[in-house]
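The lines below spell out each chain.
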Amino acid sequence: MVKLTKIYTRTGDEGLTGLSNFSRVRKTDPRIEAYADVDEANSAIGVAVALAKNEFDEETLALLLQIQNELFDLGADLSNPLNEHYEYEPLRVDEVWIDALEAAIDKYNADLEKLDSFIIPGGSGLAAGLHLARTVVRRAERATWHAIEQHGTEPAKKGQTEGGISLAAVKYLNRLSDLLFVLARYANIKHGGDVKWVPAANRKEAPAKRRPEQD
């Protein structure tokens with residue numbers, strides 16, 4: 001178990017931080033930005049969970065809580081570069097987790113009407129919260145791809161520290177954003193359904209141009 005005995009360490013005051021393999025990198029390293037965005041996504045889902053307690057059934061709440069725990073696991077994966085050899089087996093996102101997300105997407109999507117328009121991220125407070133979490137997860141996915149572009153997906157060979165990044169982690173984020181979209185729609189079923197985008201619906205007719213002599 002992780003034991004946090006001191007909250008501040010001062011070890012990052014020079015703009016460096018540690019990865020899980022004990023290597024030191026800049027805090028602007030794409031790996032750090034990726035799992036920082038994952039942390040933000042987890043916090044947004046936490047807000048949605050708080051809003052969901054009087055809206056979702058126990059099974060759906062349990063799903064969101066499981067996802068929050070898995071996002072911590074995913075952050076641990078991103079912070080530990082791939083390596084051919086490990087002293088201790090690292091925590092990695094498994095393809096089975098992705099399969100489970102896809103199964104959940106299919107399950108909840110089966111209760112929804114077919115889409116005939118883009119969806120505005122609103123409706124109930126819970127739906128809005130889930131949409132917000134969805135967009136942060138999308139950002140985390142983009143950040144992870146940025147990290148992959150810099151560090152690749154190949155494991156480090158013996159003596160190297162700059163290993164790549166697991167593709168399973170970025171695939172998980174992609175499916176999670178889809179699930180959050182579906183759950184946001186699901187949350188709005190009892191609140192009148194989707195808030196649909198109507199192109200230019202609120203645009204007022206442009207006022208007639210005034211002639212100089214009218215000024």
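Our subject is the structure listed above.
Predicted model only: the values in this text are computed from it and were never measured. Once a new chain begins, its residue numbering starts again from 1 and follows that chain's sequence as written. Where local features are concerned, this predicted model is filtered to residues with pLDDT of at least 70; where side-chain atom pairs are given and counted, the filter is 80 or more; whole-chain, interface and lining totals use all residues. Hydrogens and water molecules were not included; the side-chain quantities draw on all heavy atoms of the structure.

Brief notes about the environment of F118
The helix count covers DSSP runs of H or I at least four residues long, the strand count covers runs of E at least two residues long, and both are numbered beginning at the N terminus. Within the secondary structure, F118 is located in the loop between α3 (95–109) and α4 (125–151). For the pair formed by F118 and V195, sequence separation is 77 residues and the distance between their alpha carbons is 8.8 Å. Whether two residues are in contact is decided by their heavy atoms, any of which lying within 4.5 Å being enough. The contact partners of F118, leaving out residues within four places of it in the chain, are V195, K196 and W197.

What about the pattern of salt bridges?
The working definition used for a salt bridge is a side-chain nitrogen of Lys or Arg within 4 Å of a carboxyl oxygen of Asp or Glu. Applying the stated criterion to the full structure yields 10 salt bridges. Of the charged contacts, one joins D178 and R138 as a salt bridge, the two residues approaching to 3.2 Å between their closest N and O atoms. With a gap of 40 residues between them, D178 in helix α5 (residues 167–187) and R138 in helix α4 connect regions that are remote in the sequence. Here D178 falls in the partly exposed class, since its relative accessible area comes to 29%. Working definition: with a 1.4 Å probe on protein chains only, accessible area under 20% of the residue-type maximum means buried, over 50% means exposed, and in between means partly exposed. Taking the relative accessible area as the measure of exposure, R138 reaches 29% and is therefore partly exposed. One network of salt bridges, with partners in common, ties together D37, E40 and R139.

Topic: the packing of helix α1 (residues 30–52) against helix α2 (residues 58–78)
Convention adopted: a line fitted to C-alpha atoms gives each axis, helices being fitted over their contacting stretch, and angles between N-to-C directions are expressed from 0 to 180 degrees. Viewed as axis vectors pointing N to C, α1 and α2 meet at an angle of 170°, and their least axial separation amounts to 9 Å. Classified by the angle between their axes, α1 and α2 sit roughly antiparallel to one another. Of the two elements, α1 crosses α2, and the hand of that crossing is left-handed. On the side of α1, the interface is formed by R31, A34, Y35, V38, N42, I45, G46, V49 and A52, while α2 contributes L61, L64, L65, I67, Q68, L71, F72, L74, G75 and L78. Roughly parallel means an angle under 35 degrees; roughly antiparallel means over 145; roughly perpendicular covers 65 to 115; every other angle is labelled oblique. Each crossing gets its hand from how the near helix is turned against the far one by less than a right angle, where anticlockwise is left-handed and clockwise is right-handed.

Focus: the nonpolar core
Within this scheme, the nonpolar core is defined by two criteria: the residues are buried Ala, Val, Leu, Ile, Met, Phe, Trp, Tyr or Cys, and they are joined through side-chain atoms within 4.5 Å. One finds I45, I67, L130, Y172 and L176 to be the most contacted residues of the largest nonpolar core, which totals 47 residues. Breaking this core down by element, the ones donating at least two residues are α1, α2, α3, α4 and α5. When residues in this core are grouped by element, the largest group, 12 residues, is from α5. Apart from the residues lying within four places of it in its own chain, the contact partners of L130 are A48, F56, L64, L180, L183, A184 and A187.

Notes on α4
Expected helix span is taken as 1.5 Å per residue step, with the number of steps being one fewer than the number of residues. Here α4 is 27 residues long and its end C-alpha atoms lie 39 Å apart, about the 39 Å a rise of 1.5 Å per residue gives. Backbone geometry just downstream of α4 places G152 in the positive-phi region, at approximately 75°.

Focus: the packing of α1 against α4
Contact geometry for α1 and α4: axes closest at 8 Å, N-to-C directions at 165°. With respect to each other, α1 and α4 are oriented roughly antiparallel. Crossing of α1 over α4 shows left-handed handedness. When residues are grouped by polarity, Ala, Val, Leu, Ile, Met, Phe, Trp, Tyr, Cys and Pro land in nonpolar, Asp, Glu, Lys and Arg in charged, and all others, Gly among them, in polar. Each residue belonging to the contact of α1 with α4 can be placed in one class, and the counts come to 17 nonpolar, six polar and five charged.

Observations concerning the side chain of D73
Examined against the element boundaries, D73 turns out to sit in helix α2. His residues and chain termini do not enter the charge count, which takes Lys and Arg as positive and Asp and Glu as negative. Among buried Asp, Glu, Lys and Arg side chains, D73 stands out as unpaired, with R92 the closest opposite charge at 12 Å. With residues up to four places along the chain from it excluded, the contact list for D73 reads L91 and W97.

Some remarks on α3
Taking 1.5 Å as the rise per residue, α3 with 15 residues should run 21 Å; its terminal C-alpha atoms sit 21 Å apart, in good agreement. Of all the positions in α3, only W97, I98, L101, A104, I105 and Y108 are classed as buried. Taken end-on, α3 shows its buried residues confined to a sector of 120°, consistent with a single buried face. Across from the buried face of α3, at angles greater than 90 degrees, the exposed residues are V96 and D106. Distance and chemistry together define a polar contact, namely a pair of N or O atoms within 3.5 Å, with one atom able to donate a hydrogen and the other to accept it when in protein, and with adjacent residues in sequence counting only for side-chain atoms on both sides. Between the side-chain oxygen at the start of α3 and the backbone nitrogen of V96 there is a gap of 2.8 Å, and the oxygen is on D94. Here the arc refers to the set of directions running from the helix axis out to each C-beta atom.

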